[in-house]
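# Report on the structure
Chain by chain, the residues:
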Amino acid sequence: MQNKKFKLIGPFICLLTAIIWGSGFPFQDKVGASADIIDGFSFNGLRFLIAGVVLIPVFLIFEREAHLPREYRLSKLKSTAVFGIISGALLAVSSSLQQFGIQMTGESGRAGFITGLYLIIVPIAAFIIFKQKPSVFVWVAIPFSLAGLYFLSVTNGFNVEVGDLLVLLCAFGFASQIIFVDKVGDRVSVLKFSCVQFFSCGVICMILGLIFGNLTWQGINDNLFAILYCGVMSAGAAYTLQNIGQRFTPPAIASLLFATEGLFATVFECIVETEVPSGRAIIGCLLMLTAVILSQIPKKQKTPN
């Protein structure tokens, strides 16, 4: 019963992660419209640093490990720090590649679709590297999800450009981060791991912002609420939930659920802009929901003869 409970909790947390990510898109669009006074690198850097600061009191309260043997605590702390830095670096590289790609193509929707190709990359890589075989329903769900992403994201045609190739590399980066979190989840303190991940990602992005960006005080002031919301919720809460949810969810199913952020981004953008979704968006949402339902059909257990 306990194992079955965890099997239900994991996908629910992954879906909640996607909802929070989706809720941040309207604020990220607002920041994108202010690119002349705040660049994407600096925005990412600020929000991940905020996420790290917010998480410090959380793990101090809820992740006390003083009762554990000293050698075990030190070993786990070392693993948490090393793996957190690696995960943060993967997150920073992936986000930066995506940002460069969006700047070169000017099509955030198309970039969102290409990024969503980690739907295919994650289960294939998990199968080849770790022999984790997804159920047939997951493989059936993938084309539904990709089709849904296409209807939600791509509205102006599709011509491959250099920026698209950068975003494709970013999809491999996010896939690597999802698989990495899946493999190290049981070897780290999840809240401390998230905190280290945020600080390492934030520092890397801020360095990139100082080199390539154009951050101004006006940019921070005009977008303060967006920075705080995306820092506390889209980064702090959502990525921490990702790390927790993946402890109880196979990576192929987790990637499918994470990809529904595009669906929820459309929903929240319609709410914020008080717009009625287009027929194309509704078709995309229905396809994504179909993929989610298919991915949750349990694999048939073999019965002994």
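Residues numbered from 1 in each chain as written. Predicted model: local features only at pLDDT ≥ 70, side-chain atom pairs only at ≥ 80, totals over all residues. Heavy atoms only, no water.

### Things to note about the side chain of Q246
Structurally, Q246 is set in the loop between α11 (224-245) and α12 (251-258). In this structure Q246 comes out as buried when scored by relative accessible area, which is 3%. At 2.9 Å, the side chain of Q246 and the side chain of Q242 are in polar contact. Leaving out residues up to four positions away in the same chain, Q246 has contacts with C14, I178, V181, D182, A254 and F258. (Helix = DSSP H or I, 4+ residues; strand = E, 2+ residues; numbered from the N terminus. Buried < 20%, exposed > 50% of the residue type's maximum accessible area, 1.4 Å probe, protein only. Polar contact = N/O pair within 3.5 Å; in protein donor to acceptor, adjacent residues only side chain to side chain. Contact = heavy atoms within 4.5 Å.)

### What about the packing of aromatic side chains?
As enumerated under the stated definition, the model contains 10 aromatic pairs in all. Among the aromatic residues, those joined into a cluster by ring pairs are W21, F48, F198, Y239 and F258. (Phe/Tyr/Trp six-rings, centres within 6.5 Å; stacked < 30°, edge-to-face > 60°.)

### Points about the nonpolar core
Membership of the largest hydrophobic core comes to 56 residues, with the highest contact counts inside it found for F48, Y118, Y239 and F258. Counting residues per element, this core draws most heavily on helix α8 (residues 162-184), which supplies 7 residues. Contacts of F258, omitting those with residues within four sequence positions, involve C14, T17, A18, W21, Y118, I178, Q242 and Q246. I37, I38, F43 and M206 belong to the second largest nonpolar core, which has 10 residues in total. (Core = buried A, V, L, I, M, F, W, Y, C linked by side-chain atoms within 4.5 Å.)

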